[in-house]
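Okay, here's what each chain looks like letter by letter:
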Amino acid sequence: MSDVQRTIRWGILATGGIAATFTEALATVPGAEAVAVGSRSPEGAKAFAERFGIPRAYGSWAELAADDTVDVVYVATPHSAHRAAAGICLEAGKAVLCEKAFTINSREARELVDLAQDRGLFLMEAMWTYCNPLIRHLAAVVADGAIGEIRNISADFGFGGDFPPEHRLRDPAQGGGALLDLGVYPVSFAQLLLGEPDSVHAWAHLTPERVDDNTGILLGWNDGALATLTCTFAADTGAPATVTGTRGRIEIPEGFFNPDRFVLHRQGEAPHTVHFSDVTDDGLARGTMRYEAAEVTRCLQQGLTQSPLVPLAGSLSVMRTLDAVRERIGVHYPGVD
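Chemist: Before we move on, can you summarise helix α11 (residues 312-329) with the specific residues and values?
Modeler: For α11, which comprises 18 residues, the first-to-last C-alpha distance of 26 Å matches the rise-based estimate of 26 Å (1.5 Å per residue) to within 8%. Among the 18 residues in α11, 13 count as buried, and that is most of the element. Following α11 by one or two positions, glycine 330 adopts a phi angle in the positive range, close to 80°.

Right, dumping it as structure tokens:
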């Protein structure tokens with residue numbers, strides 16, 4: 001039975017920066033409330049709870065999952081721990097919103113999906129890009145044929161930094177490399193518009209630890225469409241994206257994963273800029289993670305077990321593509337593949 005008036009009670013699993021950003025956004029969602037936080041550190045969980053006014057703090061994931069007042073758990077650990085953390089919550093009967101990349105490989109993703117479906121529980125990858133109102137509008141514009149048939153997608157995500165060898169981005173045991181941290185965004189963007197590719201090619205520069213720090217991906221579809229995608233933690237790229245069709249193109253000048261505008265170019269017409277504020281009137285900043293939290297809250301209030309905006313089949317499809325890319329660039333994670 002659905003109950004659109006029911007308050008959805010959230011547990012926050014992990015206490016890092018992204019967990020803090022999400023919890024701040026959750027406070028703006030009608031019908032949602034953070035009621036518990038769990039961490040491997042009791043001290044860390046208590047400090048997080050005090051910071052955000054959360055009633056209960058637990059020093060283990062299992063304790064959080066066992067809290068009967070929690071309806072859904074947001075898993076904010078590094079992706080190398082997603083299978084374990086989300087699995088504990090699903091086994092305990094909790095719905096789960098799990099950060100991206102969904103898991104470290106498609107096998108683990110399949111295991112989580114099967115577990116959720118066997119138990120009739122809600123599960124969603126926290127691909128906030130798919131819930132962004134401007135990206136949703138862009139996808140609708142493309143689907144309506146505004147630029148004709150897609151022939152090419154280009155998307156890039158990169159930032160620079162001096163990461164020491166022990167940093168998680170360079171640690172194979174933690175799923176290090178640019179691909180799962182950053183590459184998941186351009187791959188997800190391309191597959192949002194074109195679906196799973198028929199062909200996958202890739203090249204990457206590898207660090208001494210044998211994870212990728214600069215990666216190029218070429219995806220192909222049998223109808224002739226292709227996507228050229230890159231990801232790196234060796235340089236700041238600005239993260240632009242372009243979708244080119246037979247009758248025009250759409251350009252996102254920067255930050256395609258969370259854009260404030262896109263520009264529609266159609267043959268014989270002047271360019272038209274669509275701003276974030278043109279497609280939503282809620283007055284919230286585009287950077288908020290509110291939209292994915294609101295989507296989960298809505299789905300749970302309506303008794304759904306997955307989101308139509310971020311379907312599990314799409315998350316599995318992206319993980320298969322990421323697996324194929326890793327195989328081609330020679331990145332393997334110890335103990336998992």
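Chemist: Could you give me a rundown of the layout of surface pockets, with the residues and numbers involved?
Modeler: A volume near 530 Å³ is recorded for the largest pocket. Counting residues per element, the ones that place at least two in the lining of the largest pocket are α1 (17-26) and α8 (178-194). Considering every element that reaches the lining of the largest pocket, the biggest residue donor is α8, with 4 residues. The residue makeup of the lining of the largest pocket, split by class, is 13 nonpolar, 5 polar and 4 charged. One number sums up the size of the second largest pocket: a volume of about 150 Å³. What lines the second largest pocket is Arg6, Ile8, Asp71, Gly93, Ala95, Gly120, Leu121, Phe122, Leu300, Gly303, Leu304 and Thr305. When its residues are assigned to classes, the lining of the second largest pocket shows 6 nonpolar, 4 polar and 2 charged.

Chemist: I'd like a rundown of the sheet that holds strand β10 (residues 226-232), residues and numbers included.
Modeler: Overall, mixed pairing links the 8 strands, which are arranged β8-β9-β10-β7-β11-β12-β13-β14 in an open sheet. Each of the sheet's edge strands pairs with one partner strand only, and the pair in question is β8 (199-206) and β14 (272-275). Neighbour-to-neighbour, the strand axes of the sheet open up by a mean angle of 10°, direction not taken into account. Relative to strand β12 (residues 248-252), strand β11 (residues 241-245) runs antiparallel, the two sharing 5 bridges. The partner of alanine 241 across the bridge, within β12, is isoleucine 252. Along the sheet, helix α7 (residues 133-143) makes contact with β7 (150-158), β12, β13 (261-266) and β14, crossing β12 at roughly 170°.

Chemist: Can you tell me about the pairing of β14, naming the residues and giving the values?
Modeler: Two elements, β13 and β14, share 4 bridges in a ladder whose sense is antiparallel. Paired with phenylalanine 262 across the bridge in β14 is valine 274.

Chemist: Please give an account of empty space enclosed by the protein that cites residues and values.
Modeler: The full count for this structure, using the stated rule, is 2 cavities of 30 Å³ or more. Of the pockets and cavities examined, the largest cavity occupies roughly 50 Å³. Lining the largest cavity we find 11 residues, and of these Trp128, Asn132, Asn258, Thr288 and Tyr291 sit closest to its centre. Sorting the residues of the lining of the largest cavity by element identifies α6 (128-131) and α10 (290-301) as the ones contributing at least two each. In terms of residue count, the dominant contributor to the lining of the largest cavity is α6 (3 residues). Residues belonging to the lining of the largest cavity are distributed by class as follows: 5 nonpolar, 4 polar and 2 charged. Size it by volume and the second largest cavity reaches roughly 30 Å³. Taken together, Glu125, Met127, Tyr130, Ser188, Val310, Pro311, Gly314, Ser315 and Val318 make up the full set of residues lining the second largest cavity. Looking at which element gives the most residues to the lining of the second largest cavity, the answer is α11, with 3 residues. Here the lining of the second largest cavity is built from residues that sort into 5 nonpolar, 3 polar and 1 charged.

Rules and cut-offs
- Residues numbered from 1 in each chain as written.
- Predicted model: local features only at pLDDT ≥ 70, side-chain atom pairs only at ≥ 80, totals over all residues.
- Heavy atoms only, no water.
- Helix = DSSP H or I, 4+ residues; strand = E, 2+ residues; numbered from the N terminus.
- Expected span 1.5 Å × (residues − 1).
- Buried < 20%, exposed > 50% of the residue type's maximum accessible area, 1.4 Å probe, protein only.
- 1 Å grid on protein atoms, 1.4 Å probe; cavity = no way out; pocket = protein on both sides within 12 Å on 5 of 7 lines; lining within 4 Å.
- Points joined across faces, edges and corners; volume = space filled by probe spheres on them.
- Nonpolar A, V, L, I, M, F, W, Y, C, P; charged D, E, K, R; others polar.
- Pairing = 2+ DSSP bridges.
- Axes fitted to C-alpha atoms, helices over the stretch in contact; angles between N-to-C directions.
- Contact = heavy atoms within 4.5 Å.

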